[in-house]
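If you want the building blocks of each chain, they are given just below.
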Amino acid sequence: MGGRNAGDVRATDGAAEIGRRVLRLRTERGFTQRQLAEPAYTAAYVSTLESGKVRPSEAALRHLAERLGVSYEELTTGRDPHDAIRLRAGLTDARRALATGDAKDAVGHFHQLMVEAERLGFRDERASAMVGLGDCALETGELAVARAHYEAGEQLLADEPLPRRIPAIRGRAVAHFLSGELRYSCYLLESAIDELNASGLHDPNALLLLYTAAIPPYMDMGAHARAARAAELALALAPSVDDPGLLARMHRGVARTLIAEGRTAEADASLAKAQELYEQLRIHTDLAHCHWMRGYVHAQDGNLERAERELSIARDMLATKRATLYTVQVEVELADVLRRRGRTAEAEALLVPLLRRGDGEVAGDGGVPGLTAEHGVVHAGGAHRLLGLIAEERGDAAAAEEHYRAALSLLERTGAAGDLADLCTLLGDLLRRGGRAEAAMDAYRMGLGHRAAPGTTTLGPAPAEPPV
């Protein structure tokens, strides 16, 4: 956003506003109406223009701007194009601060730029700052705040071509995904993809943003075929994209589909490529995501020592950046690895505080918030599932059942079919071993319902494919 000249930011002002501006600038420079008008126009024309009775042509405005020593853009909009350049440079600096430092520090940069852009009337730059604030809030786990910023940025650009609104739409979709609203996240992304393709607005950068953002909710909903297709389309678009940050994000998303297909060596290679790109860009949060995903790959392969190492690196990097929501999500996956390595007490010590802090209580370890139904719901369900397994291992069936049911309650609205089916099996097995055959059958039936055609009950037709 913000790539146009200042004169393109909005239509030129009305005749009265332009007339007042010409009068002010002429007076400041000590020109008479005749001196300003000649040789192309008359003093009477300038008088009529200054009174707002005539809307000047572009040729007249360019003549007057040259005589007054200002740019055409400044005369028609009242804005100095140098202000636009300065704002865009500031936005670049704020983006770099977000990528390489602490999101809370970047907030101050984006907020200042948003206020200044509003004061100067630069709509695109104001929208860019709002999306930046949304990205900061997304990183710190303030999902409602993030959605509000994205919605405001999208609203500012409501009359702009769709590709200009894609960063805000993508941000909203990710915020809804992290809130557990997987179906709505997919709806936002697929609607934007369909609209882009239907309108002929083939924008590789925009499509790559949308397809890579769609992969995580597809995966969590069990729509693996759709996730794989999104990954294929993203890879096909990659040669048309020259943004290394987008390419790195694509490699990260593609790795998820390779993992689901059991192609862990290829997944690890894709993540290594993403990591190389992020190291070049010094985008710490996304680099941490690469360590996170590599840890997941190793956990799937049973290489728990390497998984623990990668996940610990990811957690420490995210904690340093105070990316709070992502930090606690990694801790859930790290706890799973610790449990599988036989370090049950360490796993439990990691999980319990995450759920205790879910009521909004400020923690004593730096104020990191916990997991709730509105804040990292999929991982909140995962934390309860792990605590249920730990309770089972120590013979506490009542506590295990309580955690399994809590996990089911959290995940039922998300559409995370695979996780729900797994939980139903765990609960059914627990109930069956306890002699509660009828309750066990109910749990198994619920699980079968979630396993039936995963993803098809929550998603409509796949979006039309672009002319790659």
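Cut-offs applied
- Each residue is numbered by its place in its chain's sequence as written, counting from 1.
- Under the rules for a predicted model, residues below a pLDDT of 70 receive no local features and side-chain atom pairs below 80 are neither given nor counted, while totals for whole chains, interfaces and linings still include all residues.
- Note: side-chain values were computed over all heavy atoms of the structure, leaving out hydrogens and water.
- A run of H or I in DSSP becomes a helix once it reaches four residues, and a run of E becomes a strand once it reaches two; helices and strands are each numbered from the N terminus.
- Only protein chains enter the area calculation, which uses a 1.4 Å probe; residues under 20% of their type maximum are buried, those over 50% are exposed, and those in between are partly exposed.
- It only takes one pair of heavy atoms within 4.5 Å for two residues to be counted as in contact.
- Method for areas: the Shrake-Rupley scheme with a 1.4 Å probe, in which residue coverage is limited to the protein chains shown.
- We define a salt bridge as a contact between a side-chain nitrogen of Lys or Arg and a carboxyl oxygen of Asp or Glu at a distance within 4 Å.
- Fitted lines through C-alpha atoms give the axes, limited to the stretch in contact for helices. The angle between two N-to-C directions lies from 0 to 180 degrees.
- Any angle that falls under 35 degrees is termed roughly parallel, while one over 145 is termed roughly antiparallel, one within 65 to 115 roughly perpendicular, and all others oblique.
- Residue classes follow a fixed rule: Ala, Val, Leu, Ile, Met, Phe, Trp, Tyr, Cys and Pro count as nonpolar, while Asp, Glu, Lys and Arg count as charged, and any other residue, Gly among them, counts as polar.
- One less than the residue count of a helix, multiplied by 1.5 Å, gives the span that helix is expected to have.
- Here, nonpolar core refers to any group of buried Ala, Val, Leu, Ile, Met, Phe, Trp, Tyr and Cys residues whose side-chain atoms link them within 4.5 Å.
- When two rings of Phe, Tyr or Trp (its six-membered ring) have centres within 6.5 Å they constitute a pair, described as stacked for plane angles under 30 degrees, edge-to-face for angles over 60, and tilted for the intermediate range.
- Lysine NZ or arginine CZ positioned within 6 Å of the ring centre and within 35 degrees of the ring normal marks a charge as sitting over the ring.
- Confidence of the predictor in every single residue is expressed as pLDDT, which spans 0 to 100.
- In summary, the charge assignment counts Lys and Arg as positive and Asp and Glu as negative, without counting His or the chain termini.

Trainee: A description of the overall build of the protein chain should follow, citing residues and the corresponding values.
Mentor: Secondary structure summary: the protein chain contains 23 helices and zero strands in total. Counting across all 468 residues of the protein chain, residues that qualify as buried make up 54%. The long-range share in the protein chain, meaning contacts at least 24 apart out of those at least 6 apart in sequence, stands at 63%. Split by element, the accessible area of the protein chain, about 20,300 Å² in all, is 51% carbon and sulfur.

Trainee: How would you explain the pattern of salt bridges if you had to name every residue and give the values?
Mentor: Two side chains that carry opposite charge are able to pair once their charged atoms sit near each other. For the structure shown, the criterion picks out 36 salt bridges. A salt bridge links Glu308 to Arg343, with the nearest nitrogen and oxygen atoms 2.8 Å apart. Taken together, the residues span a long stretch of sequence, with Glu308 in helix α17 (residues 304-320) and Arg343 in the loop between α18 (324-340) and α19 (344-356) at a distance of 35 residues. We classify Glu308 as buried; its relative accessible area is 14%.

Trainee: Let's hear about the packing of helix α10 (residues 162-178) against helix α12 (residues 204-221): which residues, and what values?
Mentor: With their axes 10 Å apart at the nearest point, α10 and α12 run at an angle of 10 degrees to one another. Put simply, α10 runs roughly parallel to α12. In this structure, α10 contributes Ile166, Pro167, Arg170, Val174 and Phe177 to the contact, and α12 contributes Ala206, Leu209, Leu210, Ala213, Pro216, Pro217 and Asp220. Looking at the contact of α10 with α12 residue by residue, the class counts come to ten nonpolar, no polar and two charged.

Trainee: Provide a residue-level description of helix α14 (residues 244-260), including the pertinent values.
Mentor: For α14, which comprises 17 residues, the first-to-last C-alpha distance of 25 Å matches the rise-based estimate of 24 Å (1.5 Å per residue) to within 8%. Burial analysis of α14 places 14 of its 17 residues in the buried class, which makes it a mostly covered element. Of the residues trailing α14, Gly262 is marked for its positive phi of about 80 degrees.

Trainee: Let's hear about the nonpolar core: which residues, and what values?
Mentor: Counting 112 residues, the largest nonpolar core has Leu138, Ile166, Leu178, Tyr211, Leu351, Leu371 and Tyr404 as its most contacted members. Take this core: its biggest share by element is twelve residues, from α12. Beyond its immediate chain neighbours, meaning those up to four positions away, Tyr404 contacts Arg385, Gly388, Leu389, Glu392, Leu423, Leu426, Leu427 and Leu430. Leu98, Ala103, Ala117 and Leu133 belong to the second-largest nonpolar core, a separate cluster that totals 20 residues.

Trainee: Give me the packing of aromatic side chains: which residues, what numbers.
Mentor: Across all of its chains, the model carries three aromatic pairs by this definition. Ring geometry for Tyr41 and Tyr45: centres 5.2 Å apart, planes at 20 degrees, overall stacked. Classification of Tyr41 as partly exposed rests on a relative accessible area of 24%. Here Arg67 stacks its cationic end above the ring of Phe31, 5.8 Å away from the centre of that ring.

Trainee: Could you give me a rundown of the confidence of the model for the protein chain, with the residues and numbers involved?
Mentor: This prediction gives the protein chain a mean pLDDT of 83; 89% of its residues lie at or above 70. pLDDT under 50 marks residues 360-368. Its contacts with residues more than four places away, or in other chains, come to eight contacts. Considering only residues more than four positions removed or in separate chains, one finds that residues 452-458, a stretch of pLDDT under 50, has eight contacts.

Trainee: Could you give an account of the side chain of Glu331, naming the residues involved and the relevant values?
Mentor: Within the element layout of this structure, Glu331 appears in helix α18. Here Glu331 occupies a buried position and makes no salt bridge, while the nearest side chain of opposite charge, Arg315, is found at 4.4 Å. Sequence-distant contacts of Glu331, that is, excluding residues within four places in its chain, are made with Arg315, Leu350 and Leu354.

Trainee: I'd like a rundown of the environment of Thr77, residues and numbers included.
Mentor: Within the secondary structure, Thr77 is located in helix α5 (residues 72-77). Separated by 60 residues in the primary sequence, Thr77 and Glu17 have C-alpha atoms spaced 9.0 Å apart.

Trainee: How would you sum up the environment of Ala59? Please name residues and give values.
Mentor: By the element assignment, Ala59 lies in helix α4 (residues 58-68). By relative accessible area, Ala59 is classed as exposed at 52%. Along the chain, Ala59 and Tyr72 lie 13 residues apart, while their C-alpha atoms are 10.0 Å from each other.

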